[in-house]
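# Fold and geometry: a report
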Amino acid sequence: MMKFLFVLFMMVPLGFLNYFWLLQFAMIFASFMFILGFSVNFMYMHVSYCLGVDLVSYLMILLSFWVCSLMLMASGKIYLTQFWSQMFTFVLLMLMVSLLMAFGAMNLFMFYIFFEVSLIPTLMLVMGWGYQPERLQAGVYLLFYTMLASLPMMLAIFFYYLKHGTLEFYSLVHELDEVLLYLCMNTVFYVKIPLFFIHLWLPKAHVEAPVSGSMILAGIMLKLGGYGLMRMMVVFMTVGSKINCFFIGLSMIGGFIVSLICLRQSDVKALIAYSSVAHMGMAVSGVLTMSYWGMSGALMMMIAHGLCSSGLFCLANLNYERISSRSLYLNKGLINIMPSLSLWWFLFVSSNMAAPPSLNLMGEIMLINSILSYESFNMIVLMMLSFMGAAYSLYLYAFSQHGKVYMGLKAFSTGSFREYLLLLLHWFPLNVLILKGELLCLWL
């Protein structure tokens, strides 16, 4: 793992010398080098200096590499306008380092530290390169929701260490039967995923963030919560079997309510952000069932959502750069003037509603099975969730692509090679990974 950290630090001079596209190539090359180290084993590999990866952390780091390299590709405007582009690349590399350390940590306290450290570069992206003055408020929301929930987790980690004398992930076998400790340890992950009722920071941060901020928030930062829950459910098997049903019910019903909120959105980015809450509500339910299918389905859904949601934010940004508005009332009839981008909208929206052959479909099938085997009454909410997922996805596509074109628009290009490549690199793994879906089910 240290060699990948060394490679990332070696990329820092490229950013300061303003070799923007060379840095982006180096990031994609590093992600391909990381793919070569793939092992179909559930055990730890690449172990060095208390860092190591098993299958779930390996996939999360690979997703981080991929999304961070695509963030550079999506931020061509920052490079063209030279708006603090060196600082931007430095912040992005530091974010990648913190994510590599968080997902690669084999120690719970080390994971906690880098879980918190990754918040700082994200905050800098939102507050430094965001669009409206409200980005300051969004940054405060993002910071304090996470910080407030993470302090009890630190105390719970200290308590666990005091009681059992170890914090290594592979030796977290001592089950704890205290509800208070469960809440202290897991609330920060529920905030990060986010669970309904504590999700309000997410739409705010997405709407105010630049495209790179939205991509990293949807693609990776939400997954930190799911990854943490997956790691901690081993410790809370006893207490989880008693109280997980409340959180499953909350996430299911919350997902349905958020789907209804999506149908009333006029802001494209807010709609995509709220749909993230609905999808991740399903993933957290899968983890909390503590079943094999639930865990594997949640992992699959997290990877699928990271690629799909990130691609949708890229598309929303392509429209925003041309129209200077995120409103669905102005982003209308785009199939008439940008038919090529309309095809990409269709491909990503269909993946968002879990149409085949996307990885979302496989994830949803596994999650539906695990949630139904946990409690068959969930069928009613799952039916509504699936229907509403299709409803708001079709609403987004139909409103933005069909209808009368806004007459205030000036002439603009339909897209550059960079933009189409960016969309392809999101869509291709999302729809090809389903062919080797069994690889995502090997880690338990």
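Quantities reported herein were computed from a predicted structural model and do not represent experimental measurements.

To continue, consider the packing of helix α10 (residues 179–192) against helix α13 (residues 237–262). Across the interface, α10 lies against α13 with an axial gap of 11 Å and an inter-helix angle of 45 degrees. Judged by the angle between their axes, α10 and α13 are oblique. Remark: the crossing between α10 and α13 carries right-handed chirality. Here α10 contributes Val 179, Tyr 182, Leu 183 and Tyr 190 to the contact with α13, which in turn contributes Val 239, Gly 240, Ile 243, Asn 244 and Phe 247. Of the residues contributing to the contact of α10 with α13, the split by class is 7 nonpolar, 2 polar and no charged.

This brings us to helix α11 (residues 201–208). Within α11, 7 of the 8 residues are buried, which leaves it mostly tucked inside the rest of the structure. Trp 201, Leu 202, Pro 203, Ala 205, His 206, Val 207 and Glu 208 are the residues of α11 that are buried. Buried residues in α11 make contact with α8 (119–129), α9 (135–164), α10, α12 (211–232), α14 (268–288) and α15 (292–323).

Bringing the pattern of salt bridges into the picture now. Inspection of every chain in the model, using the stated rule, returns 7 salt bridges. A salt bridge links Arg 231 to Asp 54; the nearest nitrogen and oxygen atoms lie 2.9 Å apart. Residue Arg 231 is located in helix α12, and its partner Asp 54 is located in the loop between β2 (51–53) and α4 (55–74); the two are separated by 177 residues in the primary sequence. Its salt-bridge partner being Lys 163, residue Glu 178 comes within 3.6 Å of it at the nearest N-O pair. In this pair, Glu 178 is assigned in the loop between α9 and α10 and Lys 163 in helix α9, connecting sequence segments 15 residues apart.

Next up on the list: the environment of Val 40. Along the chain, Val 40 turns up in the loop between α3 (20–35) and β1 (45–48). Here Val 40 falls in the exposed class, since its relative accessible area comes to 52%. Dropping the residues within four chain positions of it, Val 40 is found in contact with Leu 439 and Leu 442.

On to the packing of α12 against α15, then. To describe two helices that pack against each other, one gives the angle between their axes and the distance between the axes. In the contact formed by α12 and α15, the axes pass within 8 Å of each other and the chain directions differ by 170 degrees. With respect to α15, the element α12 is oriented roughly antiparallel. Mapping the contact onto sequence places Val 211, Ser 214, Met 215, Ala 218, Gly 219, Leu 222, Lys 223, Gly 226, Tyr 227 and Met 230 in α12 and Met 295, Ala 298, Leu 299, Met 302, His 305, Gly 306, Ser 309, Ser 310, Phe 313, Cys 314 and Asn 317 in α15. Counted by class, the contact of α12 with α15 contains 12 nonpolar, 8 polar and 1 charged residues.

Bringing helix α20 (residues 417–432) into the picture now. Between its first and last C-alpha, α20 extends 22 Å over 16 residues, near the 22 Å set by a 1.5 Å rise per residue. Of the positions making up α20, those classed as buried are Glu 419, Leu 422, Leu 423, Leu 425, His 426, Pro 429, Leu 430 and Asn 431. Where the residues of α20 are buried, they touch α3, α4, α12, α15, α17 (339–352) and α18 (359–374).

Rules used throughout
Residues numbered from 1 in each chain as written. Predicted model: local features only at pLDDT ≥ 70, side-chain atom pairs only at ≥ 80, totals over all residues. Heavy atoms only, no water. Axes fitted to C-alpha atoms, helices over the stretch in contact; angles between N-to-C directions. Helix = DSSP H or I, 4+ residues; strand = E, 2+ residues; numbered from the N terminus. Parallel < 35°, antiparallel > 145°, perpendicular 65-115°, else oblique. Left-handed = near helix turned anticlockwise from the far one by under 90°. Contact = heavy atoms within 4.5 Å. Nonpolar A, V, L, I, M, F, W, Y, C, P; charged D, E, K, R; others polar. Buried < 20%, exposed > 50% of the residue type's maximum accessible area, 1.4 Å probe, protein only. Salt bridge = Lys/Arg side-chain N within 4 Å of Asp/Glu carboxyl O. Expected span 1.5 Å × (residues − 1).

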